[in-house]
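Residue-level listing of the chains:
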Amino acid sequence: MVHHSALRITAAIIAGIFVGFFLFFVIALILGLFTETTGFSVSTNFSENAFSAVLLAGLILLCCGAFVWKVWTTPTVEEAEA
């Protein structure tokens, strides 16, 4: 029987959140370098902010899902030794 520790699942979710935020900021930086040539400005356009929110939520969900999937498919150390 495979037993997944709640600590491993929690760690996977926390890691997914951090990696999702990091990827979002990297993507936002790259997009900002290509679209903003005159200097830094903050956009108040709702559609751009909504796109950013959807991108952030999608990256966080994707990263959390990937880390949790990896936890579910990788045996624990005790199971691997047995």
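Residues numbered from 1 in each chain as written. Predicted model: local features only at pLDDT ≥ 70, side-chain atom pairs only at ≥ 80, totals over all residues. Heavy atoms only, no water.

J.: With reference to specific residues and values, describe the overall build of the protein.
T.: Counting its secondary structure elements, the protein contains 3 helices and 0 strands. Helices and strands in the protein line up, N terminus first, as α-α-α. Within the protein, the fraction of its 82 residues that count as buried is 15%. For the protein, the share of sequence-separated contacts (at least 6 apart) that also reach a separation of at least 24 residues comes to 98%. A total of about 6,400 Å² of accessible surface is found on the protein, and carbon and sulfur atoms cover 77% of it. (Helix = DSSP H or I, 4+ residues; strand = E, 2+ residues; numbered from the N terminus. Buried < 20%, exposed > 50% of the residue type's maximum accessible area, 1.4 Å probe, protein only. Contact = heavy atoms within 4.5 Å. Areas by Shrake-Rupley, 256 points an atom, 1.4 Å probe, with all protein chains shown as cover.)

J.: Can you break down the environment of Ile-13 residue by residue, with the values?
T.: The residue Ile-13 is located in helix H1 (residues 6-35) in this model. For the pair Ile-13 and Gly-65, spaced 52 residues apart in the sequence, the C-alpha separation amounts to 7.9 Å. Non-local contacts of Ile-13, meaning those with residues more than four positions away in its chain, are made with Cys-64 and Val-68.

J.: Lay out a nonpolar patch on the surface in plain terms, naming residues and giving numbers.
T.: Together, Val-19, Phe-22, Leu-23, Val-26, Ile-30, Phe-34 and Phe-67 line one region of the surface with nonpolar side chains, adding up to about 630 Å² of accessible area. Top element by residues in the nonpolar patch is H1. It accounts for 6 residues. Residue class for Phe-34 comes out exposed when judged on its relative accessible area of 68%. (Patch = residues over 30% accessible without salt bridge, like charges linked within 9 Å, V, L, I, M, F, W, Y side chains within 5 Å. Salt bridge = Lys/Arg side-chain N within 4 Å of Asp/Glu carboxyl O.)

J.: Quick rundown of H1? Include the residues and the values.
T.: For H1, with 30 residues, the first-to-last C-alpha span of 43 Å sits near the 44 Å given by 1.5 Å per residue. The distance from a side-chain oxygen at the start of H1 to the backbone nitrogen of Leu-7 is 3.1 Å, and the residue carrying that oxygen is Ser-5. (Expected span 1.5 Å × (residues − 1). Polar contact = N/O pair within 3.5 Å; in protein donor to acceptor, adjacent residues only side chain to side chain.)

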